[in-house]
2 protein chains.
Amino acid sequence: MEEKHEAEAGVSRRNFLSGTGKLIAGTAIASSVLASQADKVSAYPFETGFKYVKLDPAEVGRITYENYFKRWCAASVVAGFAEQLQTKVGGLWKTFPIDSVRWAHGGFAGWGALCGTMSGAGTIVGLVTNDTDIAEEMCNDLAFYYSYTELPSYSPAKPIKATIKNMTMAGTPVCHISVGKWMKSEGAAFLDAERAERCARLAANVAMETCKMLNDWVDGKYKAKHKPLFNVAANGITSQNNCRDCHGSNVPVADTYATLEK
Amino acid sequence: MEEKHEAEAGVSRRNFLSGTGKLIAGTAIASSVLASQADKVSAYPFETGFKYVKLDPAEVGRITYENYFKRWCAASVVAGFAEQLQTKVGGLWKTFPIDSVRWAHGGFAGWGALCGTMSGAGTIVGLVTNDTDIAEEMCNDLAFYYSYTELPSYSPAKPIKATIKNMTMAGTPVCHISVGKWMKSEGAAFLDAERAERCARLAANVAMETCKMLNDWVDGKYKAKHKPLFNVAANGITSQNNCRDCHGSNVPVADTYATLEK
């Protein structure tokens, strides 16, 4: 009876989450609909006076890392670029308030949604590129990089807050899950110096990856590594690809108070 | 044995999620640590040339709603303010590229993390206010408003895409969960006109709420309704208060392909 119901419903989320293989059919359906709607809400060029010149990724990373401990994740990534562009380019960069994006820290004022490094990187990419299609591609590539790379790999010349041991793969650009997985791996609590050190290094990694993309773009060499709106087409809704981090019985029971209770 | 283990561990996430009441103790511990760290990473004033004058919330909502169908969630909220401020204030607003925040749509280029209306509202709040503490309070209040209000309540004079029937309470500023709950309630798929209509109206609601806050701030009347970093203190990690939307066995099995399969 349940099989009949599922057959009638076609490719449902239940099918998808139980891994029946029907995902491929669902993806095909969603992709064709998405393609047909793309004309109606297509990308477009726009004017921006925020000019970009190629920067040294290592220097962008260093400035971002050092800024983190005052400005936190989002504004520190913006600082990694804007502090240099204020002198190397000038113009509108001189009046752009770096701290105007500090609210994006901790996944929106500590709400644990989108990692602030993504909002900081998006801010720079959006201000610099002059076509919504380019920003879309770069942000999508950044989310893939963030989700499927063991981070943080950035190693400061002199650690500011603490030494840390572990890197983790978030599987998502969501702050709560990303930092939670790392905290579990490291045995650190959120308010420990180690956690701040980890987020500072992660911010440096994201800023450096963004810098490489923008440098390639200036040279006319940037090409998207991943298909924009891949997740919407694959899952039929705005989403990530880490479904079982929430849907399913394997959600980690992280003891986030571990260090506080010592 | 498990009881002994939990007693040793003190207030663990397991305790919290199973609702043993020990949350209160955990909150007290986390809050005191948070308070002691507040001095080290405190808020600060900064300079911004993006001046604000009081705007009519209804007009901000109308412009946001109408912009949605081209610019999507984040940039449409920014447009609701910037299009008016370009003429009423001028200055830096004339050179701020509204479309530079379009990447924040769909929870970051469709990744379903932070609802783009929050990023759009944060962008305006951050550019206008000149103290990171104010932006923090307003963004926190906006996340509470978004999470615990039945939305969208905005009713356009003439619906552009579709008529819709339902409002839902998201319990979170996360795009995937917010739009998923509404889609389930309405029986609509993500690519349906009804879903676009819902997000356009939601963007108008968020823009209007933001406008009311900023108008109060200009008048010296804005006071935070909620305690900043409440979630970090309460849960020991960047987070929302909808824990069981992911942790637990009651995660909705939404058939997001319902309409596509007709």
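Residues numbered from 1 in each chain as written. Chains lettered and ligands numbered in written order. Predicted model: local features only at pLDDT ≥ 70, side-chain atom pairs only at ≥ 80, totals over all residues. Heavy atoms only, no water.

Peer 1: A description of empty space enclosed by the protein should follow, citing residues and the corresponding values.
Peer 2: Overall, the coordinates contain five cavities of 30 Å³ or more when judged by the stated rule. Each pocket or cavity is described by its volume, and for the largest cavity that value is around 150 Å³. What lines the largest cavity is a set of 16 residues, and nearest its centre among them are Val 101 and Thr 123 of chain A together with Val 101, Trp 103 and Thr 123 of chain B. Split into classes, the residues belonging to the lining of the largest cavity amount to ten nonpolar, six polar and no charged. Empty space within the second largest cavity amounts to approximately 40 Å³. In terms of lining, the second largest cavity is formed by Tyr 146, Leu 151, Thr 168, Ala 170, Ser 178, Arg 198 and Leu 202 of chain A. When the residues that make up the lining of the second largest cavity are grouped by side-chain class, the tally is four nonpolar, two polar and one charged. (1 Å grid on protein atoms, 1.4 Å probe; cavity = no way out; pocket = protein on both sides within 12 Å on 5 of 7 lines; lining within 4 Å. Points joined across faces, edges and corners; volume = space filled by probe spheres on them. Nonpolar A, V, L, I, M, F, W, Y, C, P; charged D, E, K, R; others polar.)

Peer 1: Pulling in residues and values, what's your account of the packing of helix H6 (residues 132–147) of chain B against helix H8 (residues 193–218) of chain B?
Peer 2: Two numbers describe a pair of packed helices, the interaxial angle and the distance between the axes. Residue and element names in this part refer to chain B. Packing of H6 against H8 brings their axes to within 11 Å, and their N-to-C directions diverge by 145 degrees. Our pair here, H6 against H8, has a crossing hand that is right-handed. Contacts between H6 and H8 involve Ile 134, Met 138, Asp 141, Leu 142, Tyr 145 and Tyr 146 from the former and Leu 202, Asn 205, Val 206, Glu 209, Thr 210, Met 213, Leu 214 and Trp 217 from the latter. A class-by-class count of the residues in the contact of H6 with H8 yields ten nonpolar, two polar and two charged. (Axes fitted to C-alpha atoms, helices over the stretch in contact; angles between N-to-C directions. Helix = DSSP H or I, 4+ residues; strand = E, 2+ residues; numbered from the N terminus. Left-handed = near helix turned anticlockwise from the far one by under 90°. Contact = heavy atoms within 4.5 Å.)

Peer 1: An account of unusual backbone geometry is requested, with residue identities and associated values reported.
Peer 2: Residue Pro 152 of chain A follows Leu 151 of chain A across a cis peptide bond; omega there is 0 degrees. The backbone phi angle of Trp 72 of chain B is positive, close to 65 degrees, even though this residue is not glycine. Inspection of the secondary structure puts Trp 72 of chain B in helix H4 (residues 57–88). Look at Trp 72 of chain B and you get buried, because its relative accessible area is 13%. Look at Leu 229 of chain B: it is not a glycine, yet its phi comes out positive at around 60 degrees. Looking at the element boundaries, Leu 229 of chain B is found in the loop between H8 and helix H9 (230–235). Taking relative accessible area as the criterion, Leu 229 of chain B reaches 21% and is therefore assigned partly exposed. (Buried < 20%, exposed > 50% of the residue type's maximum accessible area, 1.4 Å probe, protein only.)

Peer 1: Can you break down the state of the cysteines residue by residue, with the values?
Peer 2: In the structure shown here, the tally under the stated rule is zero disulfides over all chains. There is no disulfide at Cys 139 of chain A, and the cysteine sulfur nearest it, in Cys 73 of chain B, is 13 Å away. Cys 139 of chain A sits in the buried class, given a relative accessible area of 0%. There is no disulfide at Cys 175 of chain B, and the cysteine sulfur nearest it, in Cys 115 of chain B, is 6.0 Å away. (Disulfide = S-S within 2.5 Å.)

Peer 1: How would you explain the nonpolar core if you had to name every residue and give the values?
Peer 2: Ranked by size, the top nonpolar core spans 106 residues in total, and within it Phe 81 of chain A together with Phe 81 of chain B carry the most contacts. Every element with two or more residues in this core is listed here: helix H4 (57–88), helix H5 (116–128), helix H6 (132–147) and helix H8 (193–218) of chain A together with H4, helix H5 (116–128), H6 and H8 of chain B. The contacts of Phe 81 of chain A, once residues within four sequence positions are left out, are Tyr 52, Leu 55, Val 60, Ile 124, Ala 207, Thr 210, Cys 211 and Leu 214 of chain A. (Core = buried A, V, L, I, M, F, W, Y, C linked by side-chain atoms within 4.5 Å.)

Peer 1: Explain the packing of aromatic side chains residue by residue, including any values.
Peer 2: Working definition: an aromatic ring pair is given by the centre-to-centre distance plus the angle between the planes. Residues and elements named next belong to chain A. Under the criterion given, the structure shown has 20 aromatic pairs over all chains. Seen from their ring centres, Phe 50 and Trp 93 are 5.1 Å apart, and the 75 degrees between their planes marks the pair as edge-to-face. Here Phe 50 is found in the loop between helix H3 (23–38) and H4, whereas its partner Trp 93 is found in the loop between H4 and H5, with 43 residues between them in sequence. Considered together, Phe 50 and Trp 93 belong to a single accessibility category, that of buried residues. For the pair Tyr 65 and Phe 69, a centre-to-centre distance of 5.6 Å together with 90 degrees between the ring planes defines the contact as edge-to-face. A residue pair is termed a helical-turn pair when its members lie 3 or 4 positions apart in one helix, as Tyr 65 and Phe 69 do in helix H4 at four residues. Exposure remark for Phe 69: the relative accessible area of 13% places this residue in the buried category. (Phe/Tyr/Trp six-rings, centres within 6.5 Å; stacked < 30°, edge-to-face > 60°.)

Peer 1: Account for the environment of Pro 45 of chain B, naming residues and giving values.
Peer 2: All names here are of chain B. For Pro 45, the position within the fold is in the loop between helix H3 (23–38) and H4. Through-space distance from the C-alpha of Pro 45 to that of Ile 134 is 9.2 Å; in sequence the pair is 89 residues apart. Beyond its immediate stretch of four places on either side in the chain, Pro 45 contacts Asn 130 and Asp 131.

Peer 1: Give a description of H5 of chain A that names residues and reports values.
Peer 2: Since there are 3.6 residues in each turn of an α-helix, residues three or four apart along the chain are aligned in direction. Its 13 residues place the ends of H5 of chain A 19 Å apart at the C-alpha level, agreeing with the 18 Å of an ideal helix rising 1.5 Å per residue. Of all 13 residues making up H5 of chain A, 13 are buried, and the element is well covered by its neighbours. (Expected span 1.5 Å × (residues − 1).)

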